[in-house]
Amino acid sequence: MKSKMTKLNLILIGIIILLLGAWFYMDQRHSGPIIADDVGFVYSPPRPIGEFQLLDLENESINENHFAGKWWVVYFGFTYCPDACPLALSDMKKIKTSLHNKIRQKTDFVFI
C-alpha cells in the first residue's frame, strides 16, 4: 500500500514539474523581442526609452517626453542614400495613408 502511494506521489510530482516547465517555457518565449516577418521587432512589454535630446527641422529641442502616448515608426537613414531612403519615405507615406483614421491619429513616423 505504501509503495502505491509513493508511486502515485512521484507521478503527481512529475506532472506538476512538467506543467511548471511548460508554463516557464511559454512565459520566457514572450519576454524578449518577437521577430515578425516584414514588420521588425515587437517588444512586449514595450521597452522604456532612455533620456535623449534631438533637434527637429525648425531647430526645436525634442526629448523622450515628446514620444509618449503614441506609436512611433522610426527609420534610421543616412545623409546620402539616393536609393534606399526615398523608397523608405515612400513606404512610410503609403503605410500612414493606409491606416484607419483612428490608428493614424495615434501613430507618427520619424526619419532620422
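Residues numbered from 1 in each chain as written. Predicted model: local features only at pLDDT ≥ 70, side-chain atom pairs only at ≥ 80, totals over all residues. Heavy atoms only, no water.

A. Expanded view of unusual backbone geometry. One non-glycine residue, Asn59, adopts positive backbone phi at about 65°. Mapped onto the secondary structure, Asn59 falls in the loop between strand E3 (53–55) and strand E4 (61–63). The class for Asn59 is exposed, based on a relative accessible area of 57%. (Helix = DSSP H or I, 4+ residues; strand = E, 2+ residues; numbered from the N terminus. Buried < 20%, exposed > 50% of the residue type's maximum accessible area, 1.4 Å probe, protein only.)

B. The layout of surface pockets, seen in detail. Space inside the second largest pocket adds up to approximately 270 Å³. Considering the residues around the second largest pocket, the lining is formed by Leu54, Leu55, Asp56, Leu57, Glu58, Ile62, His66, Phe67, Trp72, Val110, Phe111 and Ile112. For the lining of the second largest pocket, the secondary structure elements donating two or more residues are E3 and strand E6 (107–111). In terms of residue class, the lining of the second largest pocket is made up of nine nonpolar, one polar and two charged. (1 Å grid on protein atoms, 1.4 Å probe; cavity = no way out; pocket = protein on both sides within 12 Å on 5 of 7 lines; lining within 4 Å. Points joined across faces, edges and corners; volume = space filled by probe spheres on them. Nonpolar A, V, L, I, M, F, W, Y, C, P; charged D, E, K, R; others polar.)

C. Representation of the pattern of salt bridges. This model, assessed by the stated rule, comprises two salt bridges. The salt bridge involving Lys70 is made with Asp108; its shortest N-O contact spans 2.8 Å. Placement of the pair is Lys70 in the loop between E4 and strand E5 (71–75) and Asp108 in strand E6, with a sequence separation of 38 residues. With a relative accessible area of 18%, Asp108 lands in the buried category. Among the ionic pairs, Asp108 bridges to Lys96, the shortest N-O distance being 3.9 Å. Placement of Asp108 in strand E6 and of Lys96 in helix H2 (residues 84–98) is noted, with a sequence separation of 12 residues between them. (Salt bridge = Lys/Arg side-chain N within 4 Å of Asp/Glu carboxyl O.)

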